Amino acid sequence: MNIKKVTQKLAEIRDIAREEGRLTAEEKAELKELVNQTLTIAQKDLKKSHVIPMPQQAHNDNELTADQHFRLRLMEKTGTGSQAIH
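Quick caveat: nothing in here was measured; it's all calculated off a predicted structure. (Residues numbered from 1 in each chain as written. Predicted model: local features only at pLDDT ≥ 70, side-chain atom pairs only at ≥ 80, totals over all residues. Heavy atoms only, no water.)

Undergrad: An account of the pattern of salt bridges is requested, with residue identities and associated values reported.
TA: If you walk through the whole model with that rule in mind, you get 4 salt bridges. For Asp15, the salt bridge goes to Arg14, with nearest N and O atoms at 3.2 Å. A relative accessible area of 33% places Asp15 in the partly exposed class. For Arg14, a relative accessible area of 42% corresponds to the partly exposed category. The closest approach of N and O atoms between Asp67 and Arg71, which form a salt bridge, is 3.0 Å. Here Asp67 pairs with Arg71, and both are found in helix 3 (residues 66–78), just 4 residues apart, close to one helical turn. In this structure Asp67 comes out as partly exposed when scored by relative accessible area, which is 42%. Its relative accessible area of 28% is what places Arg71 among the partly exposed residues. By sharing partners, the salt bridges in this structure join Lys9, Glu12 and Glu30 into a single network. (Salt bridge = Lys/Arg side-chain N within 4 Å of Asp/Glu carboxyl O. Buried < 20%, exposed > 50% of the residue type's maximum accessible area, 1.4 Å probe, protein only. Helix = DSSP H or I, 4+ residues; strand = E, 2+ residues; numbered from the N terminus.)

Here it is in structure tokens:
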């Protein structure tokens, strides 16, 4: 469904409601059908889209020195970046 067509149809229904002060049963049915079609298409689009899994983080195989462990714990506790530690 084209967004421009939906917008135009909604604008038509809005204008009719402003002029006449109410909607006819036929216009109400058109509006409900438009909303139902839009929701159906949106649900299909959501099902098509999938969540991309996050890749596993690479692990550092190098052992940290005692000083590096201290700085890492300090950084974790304070929540600051490494620039503030060095």
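Undergrad: Could you give an account of the packing of helix 1 (residues 3–20) against helix 2 (residues 25–48), naming the residues involved and the relevant values?
TA: Remark: helix 1 packs on helix 2, axes separated minimally by 11 Å, with the N-to-C direction vectors making an angle of 150°. By the angle class used here, helix 1 and helix 2 are roughly antiparallel. Once helix 1 is placed against helix 2, the crossing between them reads as left-handed. Where helix 1 abuts helix 2, its residues Val6, Lys9, Leu10, Ile13 and Ile16 lie against Glu27, Glu30, Leu31 and Leu34. Looking at the contact of helix 1 with helix 2, its residues break down into 6 nonpolar, no polar and 3 charged. (Axes fitted to C-alpha atoms, helices over the stretch in contact; angles between N-to-C directions. Parallel < 35°, antiparallel > 145°, perpendicular 65-115°, else oblique. Left-handed = near helix turned anticlockwise from the far one by under 90°. Contact = heavy atoms within 4.5 Å. Nonpolar A, V, L, I, M, F, W, Y, C, P; charged D, E, K, R; others polar.)

Undergrad: Talk me through helix 1; I want residue IDs and the actual numbers.
TA: Given a rise of 1.5 Å per residue, 18 residues ought to cover 26 Å, and the 26 Å separating the end C-alpha atoms of helix 1 matches this to within 8%. With its phi angle positive at about 80°, Gly21 sits one or two positions after the end of helix 1. (Expected span 1.5 Å × (residues − 1).)

Undergrad: Got a sec to walk through the confidence of the model for the chain? Specific residues and values, please.
TA: For the chain, mean pLDDT is 79; residues scoring 70 or higher make up 79% of the total. By mean pLDDT, helix 4 (residues 82–85) is the weakest element of the chain at 55, and helix 1 is the strongest at 85. (pLDDT = per-residue confidence, 0-100.)

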